[in-house]
Amino acid sequence: MGTLTELFAPERIAVVGATAREGSIGRAVTSNLIADYDGTIIPVNPNYDEVLDLPCVDGVGEADADMAVIVVPPKIVLPALEEAGEAGVTNVVVITAGFGETGSDGASREQELKEIAAEYDMDLVGPNSLGIMSTSNGMNASFGPENAEPGSMSFMSQSGAFITAVLDWANDEGMGFKDVASLGNKAVLDETDFVDHWGDDDDTDVIIGYLEGISSGRDFIDTAREVTQDTPIVLVKSGRTDAGAQAASSHTGTIAGSEQAYEAGLDQAGVLRAESVQELFDAAQMLANQPVPDSNEVAVITNAGGPGVMSTDAVGDADLEMASFEQETLDTFSEQLPPEGNIYNPVDIVGDADVDRFSEALDIALADDNVGSAMVLSCPTAVLDYEQLAEETVKMREKHGKPVAACFMGGESVDESAELLSDAGIPNYFDPSRAIDALDSLWEYRQIQRREYDAPADFDVDREAAREILERVEDRPDNRLGVEAMGLLEAYGIPMPDSEIVDSPEDAREVAERIEGDVVMKIVSPDILHKSDIGGVKVGVSDDEVEDAFEDLITRARNYQPDANLLGVQVQEMSDLDAGTETIVGMNRDPQFGPLMMFGLGGIFVEVLEDTTFRVAPVSETEAREMTEEIKTAPLLRGARGRDPADIDGIVETIQRLSQLVADFPAIMEFDINPLVATPDGVDAVDIRLTVDPEEL
C-alpha cells in the first residue's frame, strides 16, 4: 500500500466552500465529484441547506469525512483547516490561492497552514492547487474541466493549467491515468511524497510529472533511487537557468548553476528527463506497456528505403545501436525476401510487401538473440492492410516478449490500425525518430534498473579542527577563505604540498630552506582572487631568491589593490606540473540539492574549457570514479600520447573526502581545490578557495 492511499481513496469527501453559484470553484469541484465519484460527498457551507441537491452541513466537523477539499477565501482557510484537524480529518486538499505565491502576507499565512497541518499530522496538498484525481474510484476533486480516463500512469504537476491542457489532449489520444495531483505550493506534500506513494502502488506502472523545482533534492534522490528499481519516473523540468550561480566567487560557483544541479540530481535519482511534453508521453507510453529490452540493439523492418535511413540516423543520435544479425538470421532473410530486398539492418522488404512478408520479417528479426527491440516502419501501399499489419505486429511482440515500436506513416488510413496498436500497448508514431527515442527510453530505464548504489565512505576526519578553521571567517570583513585555510585539507586527509604562510622575508627564507628544492610563492589575500593575473605567483624560487620574491609579491599586490587585506605570502613545495595533470575538484551549494560536486580540467583553463562534470554530495566511490571518466579530457588522466597515467584513485578519494567535508559543514557555500595536481605518484591540492556563511556555523 502506498503512503498516501487514504488521500486517493477516501470514502467520504467534504467540500468546504461548496456552492451552487455558477462560475465558482466551489461549484466546479462539487460538480466534478458528483459526476463520477463512487463515495459520499458532503457539501460544507453555513449559507445553504443543500448544494446541487446534496444535503449541506455548516462545518467540516459535522461531515464525518475522511478527506476535505477546501475552496473558501484565503482568510477562512486556516480556521477551516483547524476545524478539520479537530474533527480528525487528516487528508486535505487546499485549492484556495493567496498564500506563499502572493507576497509576505501570503507567506505568513502559508507558514501558519504548515503549523496546523503538522499539529494534526495532515497529508495536505496545496495550497494553490487545481486538486487531485483518482480514476480507480472516479474521484475528480479538482476544478479542472474534465476528468482523467483510466490508465496506469500517475501524473503530478506544479502547474494546474498544465494538467488541464494535458488531460484535454490525453483524452483525445486515448491515454489514461491512475492518479493525478496538482502540487500547488507544496506546503506539506511535495513531489518526493507522491513518488514514494506511487512507487508502492501496484496500479501505477509509470510516474510522470512537470516540475519547476524540487523541494528537497537529496531526499528526492534517495527516494527515487528505490522507486525506479521497479517503477520508471519521467519528468519535464522547466526553468533552465543559472540562478544557482548568482553572486558566485569561485570557479565552481561560476560554472555550476541550478541546471547542472538538476541534471546531476535527476540522473543520480534514476529519473528519465524529457525535454518536451511530446517526449514525456512518448517515453511514458512505451515504459507503461512494453517489456524492457536486454540489449540496446534495434532491428528496423521497413518497406521504404528513405524512412529506413531516417531511422538509422535516429539510432545514431540515441544510446541504441543498429542490430548486427547472426548469420543464421541473414541466411533466413536471404531465403524469404525478394532478391531486390536488403537483408541487413534496416531490413528493406521492398515496396510491394504485404502483411505476411512484414510479419515473417519481424518474426525472423525478433528471434535473433542480438536483437533487443524492433521497429515496424511502413508506408501505405495498395497491397498493405494496416489493420492486419497492426494485428500481426502485436502477435509478434507477444510471441517474442521484446519491445516493438510502430511507425505506420500516413493520415486517416492509419487511425484504426493505430487504435489497435494502442490498445495492445504499442504506440504508433508518424516520425521514425520519435519511435526510436521511445525505444531509447526503454533502454535507458533498463540501465537504471541495473545500477548498484554504494554508500558514501565515512572517512576518519578531524571535524573539530575543520570547524575552528571555518570559524576564522567570523572575525573577517568578508566570508572568503583561501590558502590560509589549507588546514581544512589536512583535517580531512586530502594530500597537499608542504607549505606555510609567512609575513616577513626572513621567515620566508627559513621556510624555503626547510623545503627540499625550489619553492612556489603566492600572495595570500581573500580580496585577490586571480593571483596569477597580477603576477602574484612565483614558481621555481631558489633559497637565495626567496626574500626578494617576497618583497616583489607584496609590492605587486599593493599596487594592484591598495586596500586589499594581505595576510602574507605562502611558501610552498613545488608540485611536478610537467609529470602531472592539473584538475579541479569543487563544490557549489545549490538551493534545492545542497552541495553540488564538480570535477574537471583545472588550472587557468577551467572557466575557458568548462570540461566539467557534476554530482550531488555526498558522493560514493562509484560516482566519484564516474566523474573522472566523464570529462572530455579523461584520456589525459589515463595516459594519452605517451604520458604516464595519473593517480586516478587519488583523485577519486579526494572527491569523496571533499564531498564529506562539505556535507559535514552546511556553512561552506563554495569550495575550490584548483589545481589538484595528479601525477603517477599521487595527488596534491596546490591551492584552495572557499566561501563560508557564518550564520550556518
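Reading the values: rules and limits
- Residues numbered from 1 in each chain as written.
- Predicted model: local features only at pLDDT ≥ 70, side-chain atom pairs only at ≥ 80, totals over all residues.
- Heavy atoms only, no water.
- Helix = DSSP H or I, 4+ residues; strand = E, 2+ residues; numbered from the N terminus.
- Buried < 20%, exposed > 50% of the residue type's maximum accessible area, 1.4 Å probe, protein only.
- Contact = heavy atoms within 4.5 Å.
- Areas by Shrake-Rupley, 256 points an atom, 1.4 Å probe, with all protein chains shown as cover.
- Lys, Arg positive; Asp, Glu negative; His and termini not counted.
- Charge placed at Lys NZ, Arg CZ, Asp CG, Glu CD.
- Axes fitted to C-alpha atoms, helices over the stretch in contact; angles between N-to-C directions.
- Parallel < 35°, antiparallel > 145°, perpendicular 65-115°, else oblique.
- Left-handed = near helix turned anticlockwise from the far one by under 90°.
- Salt bridge = Lys/Arg side-chain N within 4 Å of Asp/Glu carboxyl O.
- Pairing = 2+ DSSP bridges.
- 1 Å grid on protein atoms, 1.4 Å probe; cavity = no way out; pocket = protein on both sides within 12 Å on 5 of 7 lines; lining within 4 Å.
- Points joined across faces, edges and corners; volume = space filled by probe spheres on them.
- Nonpolar A, V, L, I, M, F, W, Y, C, P; charged D, E, K, R; others polar.
- Patch = residues over 30% accessible without salt bridge, like charges linked within 9 Å, V, L, I, M, F, W, Y side chains within 5 Å.
- Right-handed = clockwise from strand over helix to strand, strands pointing away.
- Core = buried A, V, L, I, M, F, W, Y, C linked by side-chain atoms within 4.5 Å.

> Please clarify how the overall build of the protein chain should be interpreted in this entry.
Helices and strands together make up the secondary structure of the protein chain, namely 24 helices and 30 strands. Seen through its C-alpha atoms, the protein chain measures out along the principal axes to roughly 90 × 80 × 40 Å. For the protein chain, the residues scored as buried account for 57% of the 697 residues in total. Restricting to contacts in the protein chain with at least 6 residues of sequence separation, those with at least 24 account for 71%. If you sum the accessible surface of the protein chain, you get close to 28,700 Å²; carbon and sulfur atoms cover 43% of it. Of the side chains in the protein chain, 43 bear a positive and 141 a negative charge, and the two mean positions are spaced by 5 Å.

> What am I meant to see in the packing of helix α19 (residues 505-514) against helix α20 (residues 546-560) here?
Helix-helix packing: each pair is described by the crossing angle between the helix axes and the interaxial distance. The contact between α19 and α20 brings their axes to 8 Å, and the two run at 130 degrees. In terms of their interaxial angle, α19 and α20 are classed as oblique. The two elements α19 and α20 cross, and the hand of that crossing is right-handed. Taking contact as the criterion, the partners of Pro505, Glu506, Ala508, Arg509 and Ala512 in α19 are, on α20, Val546, Glu547, Phe550 and Glu551.

> Looking at this model, I keep getting lost on the pattern of salt bridges. Mind explaining?
Note on pairing: side chains with opposite charge can pair once their charged atoms come close. Per the counting criterion, the structure on display carries 33 salt bridges. Among the ionic pairs, Asp222 bridges to Arg218, the shortest N-O distance being 3.1 Å. Here the residue Asp222 and the residue Arg218 both occupy positions in helix α7 (residues 217-227), the gap between them amounting to 4 residues, near one helical turn. Close ionic contact of Glu653 with Arg657 constitutes a salt bridge, the shortest N to O distance being 2.8 Å. Placement of both Glu653 and Arg657 in helix α24 (residues 648-664) is noted, with a separation of 4 residues, approximately one turn of the helix. Three or more residues joined by partner-sharing salt bridges are found here, namely Arg509, Glu513, Asp544 and Glu547.

> What is the right way to look at the sheet that holds strand β24 (residues 568-573) in this model?
Remark on secondary structure: sheet strands pair via backbone hydrogen bonds, oriented parallel or antiparallel. Here 4 strands make up an open sheet; going across it, the order is β21-β24-β22-β23 and the pairing antiparallel. Edge positions in the open sheet fall to β21 (499-502) and β23 (537-541), since each of these has one partner strand only. The sheet shows a mean angle of 20 degrees between the axes of neighbouring strands, direction not considered. For strand β22 (residues 519-524) and β23, the ladder comprises 3 bridges, and the chain directions are antiparallel. Bridging across to β23, Val519 finds its partner in Val541. Across the face of the sheet, α19 comes into contact with β21, β22 and β24 while running at roughly 170 degrees to β21.

> Any chance you could explain empty space enclosed by the protein here in plain terms?
In this approach a probe as big as a water molecule rolls over the atoms, and the regions it shows empty are the leftover space. In this structure the tally under the stated criterion is 1 cavity of 30 Å³ or more. Empty space within the largest cavity amounts to approximately 130 Å³. Together, 15 residues line the largest cavity, and Gly482, Ser525, Pro526, Lys531 and Arg689 are the ones closest to its centre. If you list the elements that add at least two residues to the lining of the largest cavity, you get β20 (480-481), β22 and β30 (688-692). Looking at the lining of the largest cavity residue by residue, the classes come out as 8 nonpolar, 2 polar and 5 charged.

> Sorry if this is basic, but what is going on with unusual backbone geometry here?
Glycine aside, a negative phi is what most residues show, and trans is what most peptide bonds show. That bond from Gly126 to Pro127 is cis: its omega, -5 degrees, falls within 30 degrees of zero. Position of Pro127 relative to the elements: it lies in the loop between β7 (123-125) and β8 (131-134). We note that Asp121 has phi near 55 degrees; this positive angle belongs to a residue other than glycine. The residue Asp121 is located in the loop between α4 (104-119) and β7 in this model.

> Help me out: how do you make sense of a nonpolar patch on the surface in this one?
On the surface, a cluster of nonpolar side chains totalling about 230 Å² of accessible area is made up of Val537, Val539 and Met574. In this fold, Val539 is placed in strand β23. For Val539, a relative accessible area of 57% gives the class exposed.

> Help me out: how do you make sense of the pairing of strand β11 (residues 177-182) in this one?
As a general feature of sheets, a regular strand has side chains that alternate between the two faces. By the criterion of burial, β11 is predominantly enclosed, with 6 of the 6 residues buried. Alignment of β8 against β11, held across 3 bridges, turns out to be antiparallel. Within the sheet, the bridge partner assigned to Met133 lies in β11 and is Val180. Where strand β10 (residues 150-157) lies against β11, 5 bridges are found, and the strand directions are parallel. Bridged to Met153 within β11 is Phe177. In this view, the connection linking β10 to its parallel neighbour β11 by way of helix α5 (residues 160-173) has right-handed handedness.

> Whenever I open this one, the nonpolar core confuses me. Can you help?
In summary, soluble globular proteins display a tendency toward joint burial of nonpolar side chains. Counting residues in each nonpolar core, the largest one holds 50 residues, and the members touching the most others are Leu7, Ile132 and Phe194. Residue contacts for Leu7: discarding those within four places in its chain leaves Met67, Asn91, Val92, Val93, Asp123, Val125, Ile132, Met139, Leu189 and Phe194. Counting 48 residues, the second-largest nonpolar core is a separate cluster that includes Phe162, Met375, Met409 and Leu442.

Functional significance is not addressed by these values, which are geometric in nature.
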